Protein chains: 2
Amino acid sequence: MDNSLPSTEERILEAAKKVFHTRGFEGARMQEIANEAGVNKALVHYYFRNKENLFKAVFEDAFRRVVAKVKEIFVSDLTFPEKIETFLKYYISYLSQNSYLPLFIINSMYEKPGQLKEILDKIDFSPETLLVGIREQVRDELHLDIDPFHVYINILSLCIFPVVARPLIQTIFSYSNEQMTRFYEERTTETPVFILNALKGYENNSAK
Amino acid sequence: MDNSLPSTEERILEAAKKVFHTRGFEGARMQEIANEAGVNKALVHYYFRNKENLFKAVFEDAFRRVVAKVKEIFVSDLTFPEKIETFLKYYISYLSQNSYLPLFIINSMYEKPGQLKEILDKIDFSPETLLVGIREQVRDELHLDIDPFHVYINILSLCIFPVVARPLIQTIFSYSNEQMTRFYEERTTETPVFILNALKGYENNSAK
DNA sequence: GTCTATATTGTGATAGAC
DNA sequence: GTCTATCACAATATAGAC
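Each chain has its residues counted from 1, running along the sequence as written. Both sets of labels track the order of writing: A upward for chains, 1 upward for ligands. Per-residue local features are limited, in this predicted model, to residues with pLDDT of at least 70; the limit for side-chain atom pairs, both in listing and counting, is 80 or more; totals at the level of whole chains, interfaces and linings are taken over all residues. Working from all heavy atoms in the structure, the side-chain values ignore hydrogens and water.

1. Observations regarding the overall build of chain A
Each helix and strand counted, chain A has 11 helices and zero strands in total. Starting at the N terminus and walking to the C terminus, you meet the elements of chain A as α-α-α-α-α-α-α-α-α-α-α. Here a residue-residue contact requires only that any non-hydrogen atoms of the pair lie within 4.5 Å. Sequence separation of at least 24 residues holds for 69% of the intrachain contacts in chain A that already meet a minimum separation of 6. Reported accessibility uses the Shrake-Rupley method at a 1.4 Å probe radius. Residues are deemed covered only where the shown protein chains occlude them. Here chain A displays about 10,400 Å² of accessible surface, and carbon together with sulfur accounts for 50% of that area. Strands here mean DSSP runs of E at least two residues long; helices mean DSSP runs of H or I at least four residues long; both are numbered from the N terminus.

Okay, structure coming up:
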């Protein structure tokens, strides 16, 4: 484990994460990043040369983290229901700490479409790994034969959207922060039930 | 019906929608809006005074449209399964034409949290209308007694997230535009099945 | 109402001392 | 490596002619 104090470069990167995640590329200010890191603006340029480079570093870090966590859960020895439960439990707690992360990644894809391609080549990530795992488990454990791709997207939708749309939900329904916390706690148990119910419903039709 | 040619003010607003929707508040440039409208930059300020005002007008327009459409479907005489199918069919076609709209609204809530409050007061919109309708139908048509709020969020999640995350999905899975079109077509029929299956699954447990 | 020209401020980036 | 000072330009906004 690394117990040393964070280097200047690390402090700048941490500050950049905070600012880019919440404000996006266009909204971020190099000045604010410098302030957040407790250094001068010029020093930010010294380490990362320009805004574009710094953003790239932040985006890659964010994507790596999310992928690593998803893989950690979905590529494991757990049963399918356990995976869904674990995945949701992880997302509630992880995203409540990093509620800006998924929206940051989504927005970055619109602002800088090409950037993900480079990253995908660099890191060890094949979407097939995830899909194959789901396909086999849905078939062997639940005895269903349905497209795992839609199942996968459905699971992600039900996990991520409620977090991403939090300010919208909270405003429209006039929920307090405490009510929102309870809402997300409820989803931890309710969402797996919803998903597994849906999958069981296919049993009648998929006997082909 | 209004057959007259669009006024200058209308042309500017249309241009502003296009630019704000795709680039967000920070990314938008008054110059680009002026170009898009075919007028001079100064004229944009003449009609809307500043960027903030123009953005407000665009955001309000977007929110009104989305709410109007959701109400049109959910507050109707259709049965619950019909509502879900209609809603999804509408969203596939509507969002494929305006794929930037939901993300624009979500982002605006982070950038300008207070703005929605004003709008909600102005327009005729009560979230209870939507929830009450769902609650009654789930109970009377499907004979279930579950929280309509989570059902409502689940439906929205399954509709909106796949559209919002399109660039991410397309890049990760290396899908062509044609494959993405087919993906969304599939969802039009698959998502209602998924949702209704999930709801039926509650029948066993909710006999209290 | 619509334009050109300009004011004014903000912001990414660099030069150069220490 | 870290700072201060400054450049260069981009972007919002306004003044004033027509």
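2. Side note on the environment of V39 of chain A
Residues and elements named next belong to chain A. Among the secondary structure elements, V39 is positioned in the loop between α2 (30-37) and α3 (41-48). In the structure, V39 is positioned 81 residues away from L120 in sequence and 32 Å away in space, judged by C-alpha atoms. Ignoring any residue separated from it by four or fewer positions in sequence, one finds V39 in contact with T8, R11, I12, A34 and V44.

3. Notes on helix α9 (residues 148-164) of chain B
Residue and element names in this part refer to chain B. To estimate the expected span of a helix, subtract one from its residue number and multiply by 1.5 Å. In a regular helix each residue adds 1.5 Å, so 17 residues correspond to 24 Å; α9 covers 24 Å between its end C-alpha atoms and thus fits that length. A residue's bend is simply the angle between two axes: one fitted to the seven residues ending at it, one to the seven starting at it. Taken as a whole, α9 carries its principal kink of about 30 degrees at S157. Each residue's exposure class comes from its accessible area (1.4 Å probe, protein chains only) as a fraction of the maximum for that residue type: buried when under 20%, exposed when over 50%, partly exposed otherwise. Summarising burial for α9: 17 of the 17 residues are buried, a large majority. For α9, the N-terminal cap is D147; the gap from its side-chain oxygen to the backbone nitrogen of F149 is 2.9 Å. We call two N or O atoms a polar contact when they sit within 3.5 Å, provided that within protein one can donate a hydrogen and the other can accept it, with sequence-adjacent residues counted only if both atoms are side-chain atoms.

4. Quick notes on the pattern of salt bridges
Residue and element names in this part refer to chain A. By salt bridge we mean one thing: a side-chain nitrogen of Lys or Arg within 4 Å of a carboxyl oxygen of Asp or Glu. One pass over the full model with this rule turns up 24 salt bridges over all chains. Between E72 and K69 there is a salt bridge, with its nearest N and O atoms 3.9 Å apart. Of the two residues, E72 and K69 both sit in helix α4 (residues 51-74), three residues apart, roughly one turn of that helix. The exposure class of K69 is partly exposed, given its relative accessible area of 29%.

5. Some details on the layout of surface pockets
The pocket and cavity definitions rest on a 1 Å grid over protein atoms only: a 1.4 Å probe that fits but cannot leave marks a cavity, an open set with protein on both sides within 12 Å along at least five of seven lines marks a pocket, and residues lining either have an atom within 4 Å of a point. Grid points are joined across faces, edges and corners, and a volume is the space filled by probe spheres set on the points. By volume, the largest pocket is sized at about 840 Å³. For the largest pocket, the lining is made up of 31 residues, of which N107 and E111 of chain A together with R23, N107 and E111 of chain B are closest to its centre. For the lining of the largest pocket, the secondary-structure elements that each account for two or more residues are α1 (8-27) and α6 (101-111) of chain A together with α1 (8-27) and α6 (101-111) of chain B. Here the nonpolar group is Ala, Val, Leu, Ile, Met, Phe, Trp, Tyr, Cys and Pro; Asp, Glu, Lys and Arg are the charged ones; every other residue, Gly included, is treated as polar. Among the residues forming the lining of the largest pocket, the class breakdown is 12 nonpolar, 11 polar and eight charged.

6. Quick notes on the interface of chain B and chain A
As a measure of interface size, the accessible area lost when the parts come together is often cited. Contacts between chain B and chain A engage 51 residues on the former and 51 residues on the latter. The buried area of a pairing is the accessible area, by a 1.4 Å probe, that goes missing from both parts when the two are put together, added over both. For the pair chain B and chain A, the summed buried surface comes to about 4,800 Å²; carbon and sulfur atoms form 73% of the total. Where chain B packs against chain A, one counts two salt bridges. Between R29 of chain A and E26 of chain B there is a salt bridge; the shortest N-O distance is 3.4 Å. Put simply, the parts of the chain that give the side of chain B that touches chain A at least two residues each are α1, α6, α7 (115-122), α8 (127-142), α9, α10 (166-172) and α11 (177-200) of chain B. Grouping the constituent residues of the side of chain B that touches chain A by class yields 34 nonpolar, 10 polar and seven charged.

7. Considering the protein's contact with DNA strand C
In the region of DNA strand C, 16 residues are neighbours, and R29 and K51 of chain A together with T8, N40 and Y47 of chain B sit closest. Near the protein, meaning within 4 Å, the atoms of DNA strand C are sugar or phosphate in a fraction of 65%, with bases accounting for the rest. R29 of chain A places a side-chain nitrogen or oxygen 2.4 Å from a phosphate oxygen of DNA strand C. In the environment of DNA strand C, a phosphate oxygen lies 3.4 Å from a nitrogen or oxygen atom belonging to the side chain of H45 of chain A. For the surface near DNA strand C, the secondary structure elements donating two or more residues are α3 of chain A together with α3 (41-48) of chain B. Counting residues per element, the surface near DNA strand C draws most heavily on α3 of chain B, at four residues. Its residues assigned to classes, the surface near DNA strand C comprises eight nonpolar, four polar and four charged. Nearness here has a simple test: a residue counts as near a molecule or strand if at least one of its heavy atoms is within 4 Å of that partner.

8. Considering a nonpolar patch on the surface
Distance thresholds for patches are 9 Å for like charges and 5 Å for nonpolar side chains (Val, Leu, Ile, Met, Phe, Trp, Tyr), applied to residues having over 30% relative accessible area and no salt bridge. Nonpolar side chains collect at one region of the surface, where L43, Y46 and Y47 of chain A lie side by side and expose about 320 Å² of accessible area between them. By secondary structure assignment, the location of Y47 of chain A is in helix α3.

9. Some thoughts on the domain arrangement of chain A
Residue and element names in this part refer to chain A. What counts as a domain boundary in this text is fixed by an automatic or database domain assignment. Here the domain parsing of chain A yields domain 1 (1-49) and domain 2 (64-207). Spacing between the C-alpha centres of domain 1 and domain 2 amounts to 30 Å. Listed as interface residues are five residues of domain 1 and, on the opposing side, six residues of domain 2. Across the domain 1 to domain 2 interface the summed buried area is about 530 Å²; carbon plus sulfur atoms make up 61%.

10. Thoughts on unusual backbone geometry
Residue and element names in this part refer to chain B. Despite not being glycine, R49 shows a phi value in the positive range, around 65 degrees. Its location among the elements puts R49 in the loop between α3 and α4 (51-74). On the basis of relative accessible area, R49 is assigned to the exposed category, the value being 62%. Of note, S174 is a non-glycine position whose phi angle comes to about 50 degrees, a positive value. The exposure class of S174 is exposed, given its relative accessible area of 51%.

11. A short note on the protein's contact with DNA strand D
By nearness alone, 16 residues border DNA strand D, and N40 and Y47 of chain A together with R29, K41 and K51 of chain B come closest of all. Across the atoms of DNA strand D situated within 4 Å of the protein, the share located in sugar and phosphate is 64%. For the surface near DNA strand D, the leading source of residues is α3 of chain A, giving four residues. Considering only residue class, the surface near DNA strand D consists of eight nonpolar, four polar and four charged.

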